[in-house]
Amino acid sequence: METPTTIAHALLASTALATRFTLGRRLGAGGQGDLVAALDRLTDTRVAFKLLRADRRPDQGRLREEFALLATLHHPGVVRVHDFGVVDGRPYLATRLVEGQRLDDWLAGEPEPALVAGVLADLLATLAWLASQRVLHGDIKPGNILLHEATGARPWPVLIDFGLARESPGAASLGGTRGYLAPEVEAGGAPTTTSELYSLGRCFTPWAHRSPGPVADLIHQLAQEVAASRPSGPRAALGDPALAVASERRRSRLGSRSLGALWRAPLERLANALPGGADRADSAPTGAAHHVRLPTADDAEAFAVALHAELAARGQAPLRVPGRVAVDGDVWTAIAASLGHALPDLGELAPEDLKDGLEVRAAAVCAGLAAAPVRPVLVLTAAGRLGSADQRVLAR
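Keep in mind it's a predicted model, so treat the numbers as computed, not measured.

What counts, and at which threshold
Residues numbered from 1 in each chain as written. Predicted model: local features only at pLDDT ≥ 70, side-chain atom pairs only at ≥ 80, totals over all residues. Heavy atoms only, no water. 1 Å grid on protein atoms, 1.4 Å probe; cavity = no way out; pocket = protein on both sides within 12 Å on 5 of 7 lines; lining within 4 Å. Points joined across faces, edges and corners; volume = space filled by probe spheres on them. Helix = DSSP H or I, 4+ residues; strand = E, 2+ residues; numbered from the N terminus. Nonpolar A, V, L, I, M, F, W, Y, C, P; charged D, E, K, R; others polar. Core = buried A, V, L, I, M, F, W, Y, C linked by side-chain atoms within 4.5 Å. Buried < 20%, exposed > 50% of the residue type's maximum accessible area, 1.4 Å probe, protein only. Contact = heavy atoms within 4.5 Å. Salt bridge = Lys/Arg side-chain N within 4 Å of Asp/Glu carboxyl O. Polar contact = N/O pair within 3.5 Å; in protein donor to acceptor, adjacent residues only side chain to side chain. Axes fitted to C-alpha atoms, helices over the stretch in contact; angles between N-to-C directions. Parallel < 35°, antiparallel > 145°, perpendicular 65-115°, else oblique. Left-handed = near helix turned anticlockwise from the far one by under 90°. Phe/Tyr/Trp six-rings, centres within 6.5 Å; stacked < 30°, edge-to-face > 60°.

S.K.: Can you walk me through empty space enclosed by the protein in this structure?
M.R.: Rolled over the atoms, a probe as big as a water molecule pinpoints where empty space is left. All told, the structure shown has two cavities of 30 Å³ or more when counted by the stated rule. Taken together, 15 residues form the lining of the largest cavity, with Gly138, Asp139, Leu181, Glu196 and Ser199 sitting closest to its centre. It is helix H7 (residues 193-210) that contributes the most residues to the lining of the largest cavity, three residues altogether. The residue makeup of the lining of the largest cavity, split by class, is six nonpolar, seven polar and two charged. One number sums up the size of the second largest cavity: a volume of about 40 Å³. Taken together, Leu127, Leu130, Ala131, Val135, Leu136, His137, Thr193, Glu196 and Pro234 form the lining of the second largest cavity.

Here it is as structure tokens:
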């Protein structure tokens, strides 16, 4: 296993993060910093962990914007955001780890045209959905497209790295990768859905040169130098007869935009109302719980992620426990572990000893919370579904 250097030192300098994340292999390096695989022990989730280099402080706002955007996007073709925070003044972003092959490596294996048509159609469908949400990726290239289950009969492409994404078409480009940027964007024009098509076409062009046919013809059309010679958008490209074989597959791939765009004002009000909030920095916590009801579990989890980021940005040391852990796992062991404390092993308790056992657990959790340098705010999804015993500890 390869051990990353700069990111590992920065990560392990923080007791809280070192307790929570276990570092894995190095996934790559970019202009902003290193990217490594990690295991989030709090949620038992494998993530791709990006931490800005110390000399890239001007990019902090961009990383925060990437998190804010990804937190609102839910589509099988878009990488899922996992967490965001700041350690030693440097922000980090964790996304779900996509176990897959880079697009160019997969294409080098000379896949059949039907498979290429399916992957191309899936990517076009993802771009069409992003366009419907007024989002442009901004840096489409083979290294930002990973194929999940690449060796299977239906490899599924996932777009990663939204660091250059724009949420309002017409805004100036933030950059890109030479060789994949559309000529009109390289010349200073604003990115559009057709410039995204050019970038996508360029990703497939090496394969198209080796494999002439209807799918290759569409790829060459996508990569036309003149914007007017390309399809008018991803949905128009999806109508090409060369992709008819992939139409059935696409129908089962749905996406949704969460309520993130509507959360900003409620998030700020809620963060201010919590202990240590901006409006109550010098006041003692009331101990009152704040409940936010959202229509679906997915929205609740996404809201918790967004609230966690808002609190972290204010230096309020939040602890976030996802609903899956709260309902199916040992929520208090997870909280204690995130604080660097181990709960005492109670073993098998007889019913008559349960009350005393809970007191021991509650005391251990409270000791950990009291010892924290900053009084933490617990962001707990699905708290209402906890068992009565765990709810008693929560009340404590």
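Don't stop here, the text continues.
S.K.: Can you walk me through the nonpolar core in this structure?
M.R.: Side chains of nonpolar character tend, in soluble globular proteins, to be buried together. Leu103, Leu120, Leu130, Phe162, Leu200 and Phe204 are the most contacted members of the largest nonpolar core, which totals 54 residues. Take this core: its biggest share by element is 10 residues, from helix H5 (residues 113-132). Apart from the residues lying within four places of it in its own chain, the contact partners of leucine 120 are Leu200, Phe204, Leu218, Ile219, Leu222 and Leu243. Formed by 10 residues, the second largest nonpolar core is a distinct cluster that contains Leu17, Val36, Ala38 and Phe49.

S.K.: Please clarify how the pattern of salt bridges should be interpreted in this entry.
M.R.: For the structure shown, the criterion picks out nine salt bridges. A salt bridge links lysine 50 to glutamate 66, with the nearest nitrogen and oxygen atoms 3.4 Å apart. You can see lysine 50 sitting in strand E3 (residues 45-52) and its partner glutamate 66 sitting in helix H3 (residues 60-70), a full 16 residues away along the chain. The residues lysine 50 and glutamate 66 share a single accessibility class, namely buried. Here arginine 210 and glutamate 110 are joined by a salt bridge, their closest N and O atoms 2.5 Å apart. Separated by 100 residues along the polypeptide, arginine 210 in helix H7 and glutamate 110 in the loop between helix H4 (103-108) and H5 bring together distant segments of the chain.

S.K.: Would you take a moment to explain the side chain of aspartate 40 for this structure?
M.R.: Looking at the secondary structure, you find aspartate 40 in strand E2 (residues 33-40). Reaching out from aspartate 40, the side chain makes a polar contact with the side chain of histidine 82 at a distance of 2.7 Å. Setting aside residues no more than four positions away along its own chain, aspartate 40 makes contact with Arg20, Phe21, Thr45 and His82.

S.K.: Is there a simple way to think about the environment of threonine 205 in this case?
M.R.: Relative to the elements of secondary structure, threonine 205 occurs in helix H7. Given the relative accessible area of 8%, threonine 205 is considered buried. Along the chain, threonine 205 and leucine 107 lie 98 residues apart, while their C-alpha atoms are 10.0 Å from each other. When sequence neighbours within four positions are dropped, the list of residues in contact with threonine 205 reads Ile219 and Ala223.

S.K.: It is not clear to me how the packing of H5 against H7 should be interpreted in this structure. Could you clarify?
M.R.: Axis separation between H5 and H7 bottoms out at 11 Å; the angle between their running directions is 160 degrees. Compared by their axis directions, H5 and H7 come out roughly antiparallel. Two packed elements cross with a definite hand, and for H5 against H7 that hand is right-handed. Contacts between H5 and H7 pair Pro113, Val116, Val119, Leu120, Leu123, Leu124, Leu127 and Ala131 from the former with Thr193, Glu196, Leu197, Leu200, Phe204 and Trp207 from the latter.

S.K.: Hey, could you run me through the packing of aromatic side chains in this one?
M.R.: The geometry of two aromatic rings is summed up by the distance between their centres and the angle between their planes. Using the criterion set out here, one finds three aromatic pairs in the structure. With a centroid separation of 5.1 Å and 65 degrees between ring planes, the pair formed by phenylalanine 21 and phenylalanine 49 is classed as edge-to-face. Placement of phenylalanine 21 in strand E1 (residues 21-29) and of phenylalanine 49 in strand E3 is noted, with a sequence separation of 28 residues between them. For the pair shown, phenylalanine 21 and phenylalanine 49 are each scored as buried. Relative to tyrosine 92, the ring of phenylalanine 21 has its centre 6.4 Å away and its plane inclined at 75 degrees; by these criteria the two rings are edge-to-face. Here phenylalanine 21, found in strand E1, pairs with tyrosine 92, found in strand E6 (residues 90-96); they are 71 residues apart in sequence, far enough to count as distant. Tyrosine 92 carries the same exposure label as phenylalanine 21, and that label is buried. One aromatic cluster in this structure is built from Phe21, Phe49 and Tyr92.

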